[in-house]
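# Structural description and commentary
What follows is the residue order along each chain.
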Amino acid sequence: MSTSSLPALPAAPASAGPDATARLRDALLGASFTADGLLELLGAPAYAALARSETVPALRATRGDTPLEVLVRLFLLQQPVPHTRVEGVLPVDACLESGWLVRAGDEVAATVDVRPYGGPGGEDWFIVSDLGCAVGGAGGIGNSDEGVVLGVGGASTTLAGITVRTPVGAALDLGTGSGIQALHAAQHATRVTATDLNPRALHITALTLALSGAPAADLREGSLFEPLKQGETYDLIVSNPPFVISPRARLTYRDGGMGGDDLCRSVVQGAGELLNEGGFAQFLANWQHVAGEDWQDRLRSWVPRGCDAWIVQREVQDVTQYAELWLRDAGDHRGDPAEYQALYDAWLDEFEARKVKAVGFGWITLRRTGSAVPSITVEEWPHPVEQPLGDTVRAHFDRLDYLRANDDAALLEAHFTLVSEIVQEQVGLPGAEDPEHVVLRQHRGMRRATKVDTVGAGFAGVCDGSMSAGRILDAIAQLMGEDPVMLRDRTPAQIRLLVEQGFLEPA
């Protein structure tokens, strides 16, 4: 579906021509309606409050009449602004004609949220979404029939941050929403396809791309993989799907409409055959923790054949916390108490019937591999990380390839270097001659910490690429009075772990 053929949708701009869109973009940039401009105008507290759907601090900070204050009130705070005041800031007639603005007496009002968004390379982008949905979730706006389109949220920025950003030929954004992932992909993919069940989302995505100055995407309406053509394959697939596990599909933007975590499982399993060799598929997902079942085994069963996988559980909520989170997201807590209780009961009934005791949230990355024995890593890592992590994700799979290609004998012949910004911590009782254990800790990327023994700490500390691993171990054996042959036999497993977790890298 091309941008020009998108259907006209109520209360949203029509697909404006390139000239009108360029004029609007130039006006926004000219007024410093950018992520940096907002931060400077509002200050950090008010800027952060917007992400929590709290607008009072921003309203207080935009009481003046500068062009930037006018645009913040108009597009971010959804406040009507006098027509005469907007005339000096925007091409008003073009905005009214194309539907970005509507007239309300002597005032004009925005028909959509337009939020400045900083790209990874310092680009000034704009994310379009439905009114009231740019920040902090929908908060109860809309229903499943209206199919509201959300803007930038924590989930979408998390997925954008973990996505591998190497140049690719073809990328697929599954369930594009407001087009954030498609916008990122357009910077390093020759061709971007974006799908969504909601035609309104495709319309909004086209606006996001055009207003951000990005190439148009191939927009296709339909559920999950249905809009794809037979034989199509991709180098990158990304999806922030409607992963909420709910008793019924009430809200299109979050509820997948399948039982339990079946939607997330279907997305992961369906991606495998669509990936080109070496291609990545990256998702956010929820999964059930079922009584009597290992949650890690559950996720391993999702991984399609022929794919390596790295699955990271970032958070776990018991079923009551999970139900409350999404009932509040929909604004149900502000309605009739009896109806809220009935909805809450329905969630708990659903979980009880499925023997679900908790719900996990995290990241799933697949990579199509030619290896006869794919690697599947499922781990829990709730600790702080340093975004963006795209390079960290790519390096994880590069290390898997290296370790698969090198047996223990090859490791002992190899040269390694300690990755930068690794620190060593020694833990023990005050005054003790020897530490109880030694910890290596990363200050970048995943910020991992791992325990090592004296040999592992000593080995890592002298890895500067000048000597082979075997020669280093021989020197350590001599210093410690150990048998060098036995030390060579038992240490490769520790070297593999340090390489796998990103503490050491081949020189």
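## So, the sheet that holds strand S19 (residues 504-506)
Read from one edge to the other, the open sheet built from 3 strands follows the order S18-S14-S19, with strand pairing classed as antiparallel. On the outer flanks of this sheet lie strand S18 (464-468) and S19, each paired with one strand and no other. This sheet shows a mean twist of 35° between the axes of neighbouring strands, independent of strand direction. Direction of pairing for strand S14 (residues 415-418) relative to S19: antiparallel, over a ladder of 3 bridges. From the neighbouring strand, Phe 416 faces S19, where its bridge partner is Pro 506.

## Things to note about the layout of surface pockets
Reported here for the second largest pocket is a volume of approximately 490 Å³. Taken together, 25 residues make up the lining of the second largest pocket; nearest its centre are Thr 392, Ala 395, Arg 399, Val 419 and Gly 502. Per-element tally for the lining of the second largest pocket: the top contributor is helix H15 (residues 390-405), with 7 residues. Within the lining of the second largest pocket, the residues separate by chemical class into 8 nonpolar, 8 polar and 9 charged.

## Side note on the pattern of salt bridges
Close approach of charged atoms allows side chains of opposite charge to pair. Tallying each qualifying case throughout the model produces 24 salt bridges. Here Asp 261 and Arg 298 are joined by a salt bridge, their closest N and O atoms 2.9 Å apart. Of the two residues, Asp 261 sits in the loop between strand S9 (234-239) and helix H11 (262-271) while Arg 298 sits in helix H12 (residues 295-300), which places them 37 residues apart along the sequence. Of the two residues examined, Asp 261 and Arg 298, each falls in the buried class.

## What about the sheet that holds strand S2 (residues 101-104)?
Strand order in this open sheet of 3 strands is S1-S3-S2, and the pairing throughout is antiparallel. Edge positions in the sheet fall to strand S1 (81-82) and S2, since each has one partner strand and no second. Looking at chain direction, S2 and strand S3 (residues 107-110) are connected through 4 bridges and run antiparallel. Within the sheet, the bridge partner assigned to Val 102 lies in S3 and is Ala 109. Strand contacts of helix H5 (residues 67-76): S1, S2 and S3, with the helix running at about 60° to S3, the strand carrying the most contacts.

## Overview of helix H10 (residues 199-211)
Spanning 13 residues, H10 covers 19 Å between terminal C-alpha atoms, matching the ideal 18 Å at 1.5 Å per step. Turning to H10, its buried residues are Arg 200, Ala 201, Leu 202, His 203, Ile 204, Thr 205, Ala 206, Leu 207, Thr 208, Leu 209 and Leu 211. The N-terminus of H10 is capped by Asn 198, whose side-chain oxygen sits 3.0 Å from the backbone nitrogen of Arg 200. Of the residues one or two after H10, Gly 213 is the one with positive phi, at around 75°.

## Observations regarding the side chain of Glu 379
Mapped onto the secondary structure, Glu 379 falls in strand S13 (residues 376-380). By relative accessible area, Glu 379 is classed as buried at 15%. At 2.6 Å, the side chain of Glu 379 and the side chain of Trp 310 are in polar contact. Glu 379 has contacts with Trp 295, Gln 296, Trp 310, Ile 311, Val 312, Gln 313 and Arg 448, leaving out every residue within four places of it along the chain.

## Quick word on empty space enclosed by the protein
Tallied over the entire structure, the rule returns 3 cavities of 30 Å³ or more. By volume, the largest cavity is sized at about 60 Å³. If you trace the largest cavity, you find it lined by Pro 242, Phe 243, Val 244, Ile 245, Ser 246, Gly 256, Gly 257, Met 258, Gly 260, Asp 261, Leu 263 and Cys 264. Of the residues assigned to the lining of the largest cavity, the class counts are 7 nonpolar, 4 polar and 1 charged.

## Remarks on unusual backbone geometry
The linkage connecting Gln 387 with the following residue, Pro 388, adopts the cis geometry, with an omega of 0°. Mapping Pro 388 onto the fold places it in the loop between S13 and H15. Backbone geometry places Glu 421, a non-glycine residue, at a positive phi of 60°. Note that Glu 421 resides in the loop between S14 and strand S15 (422-427).

## Describing the confidence of the model for the chain
Taken over all residues, the pLDDT of the chain has a mean of 92, while the share at 70 or more is 94%. Throughout residues 1-10 the model reports pLDDT below 50, and contacts reaching past four residues in sequence, or to other chains, amount to 20 contacts. Segment residues 135-145: pLDDT under 50, and 34 contacts once partners within four positions in sequence are set aside and those in other chains are kept.

## Thoughts on the nonpolar core
Grouped together as the largest cluster of nonpolar side chains are 83 residues, with contacts concentrated most on Ile 237, Phe 283, Ile 364 and Leu 366. No other element matches the 8 residues that strand S10 (residues 275-290) contributes to this core. Among residues more than four places away in sequence, those in contact with Ile 237 are Leu 172, Ala 271, Leu 274, Leu 275, Phe 280, Ala 281, Gln 282 and Phe 283. Core analysis: the second largest hydrophobic core is formed by 37 residues, Leu 50, Val 72, Leu 101 and Leu 211 among them.

## Notes on the packing of aromatic side chains
Applying the stated criterion to the full structure yields 12 aromatic pairs. Plain terms: the ring middles of Phe 280 and Phe 397 are 5.5 Å apart, the flat faces sit at 75° to each other, and that makes the pair edge-to-face. Residue Phe 280 is located in strand S10, and its partner Phe 397 is located in helix H15; the two are separated by 117 residues in the primary sequence. In this structure Phe 280 comes out as buried when scored by relative accessible area, which is 8%. For Phe 397, a relative accessible area of 0% translates into the label buried. Through a chain of ring-to-ring contacts, the aromatic side chains of Phe 243, Tyr 322, Trp 326, Trp 347, Phe 351 and Phe 361 assemble into a single cluster. The residue whose ring lies beneath Arg 448 is Trp 381, and the NZ or CZ to ring-centre distance is 5.7 Å.

## Brief notes about the state of the cysteines
Following the criterion strictly, the structure yields 0 disulfides and no others. The structure places no disulfide on Cys 307, whose sulfur is separated from the nearest cysteine sulfur, that of Cys 264, by 17 Å. On the basis of relative accessibility, which here comes to 1%, the residue Cys 307 falls in the buried class.

So, how was this worked out
Residues numbered from 1 in each chain as written. Predicted model: local features only at pLDDT ≥ 70, side-chain atom pairs only at ≥ 80, totals over all residues. Heavy atoms only, no water. Pairing = 2+ DSSP bridges. Helix = DSSP H or I, 4+ residues; strand = E, 2+ residues; numbered from the N terminus. Axes fitted to C-alpha atoms, helices over the stretch in contact; angles between N-to-C directions. 1 Å grid on protein atoms, 1.4 Å probe; cavity = no way out; pocket = protein on both sides within 12 Å on 5 of 7 lines; lining within 4 Å. Points joined across faces, edges and corners; volume = space filled by probe spheres on them. Nonpolar A, V, L, I, M, F, W, Y, C, P; charged D, E, K, R; others polar. Salt bridge = Lys/Arg side-chain N within 4 Å of Asp/Glu carboxyl O. Buried < 20%, exposed > 50% of the residue type's maximum accessible area, 1.4 Å probe, protein only. Contact = heavy atoms within 4.5 Å. Expected span 1.5 Å × (residues − 1). Polar contact = N/O pair within 3.5 Å; in protein donor to acceptor, adjacent residues only side chain to side chain. pLDDT = per-residue confidence, 0-100. Core = buried A, V, L, I, M, F, W, Y, C linked by side-chain atoms within 4.5 Å. Phe/Tyr/Trp six-rings, centres within 6.5 Å; stacked < 30°, edge-to-face > 60°. Lys NZ or Arg CZ within 6 Å of the ring centre and 35° of its normal. Disulfide = S-S within 2.5 Å.

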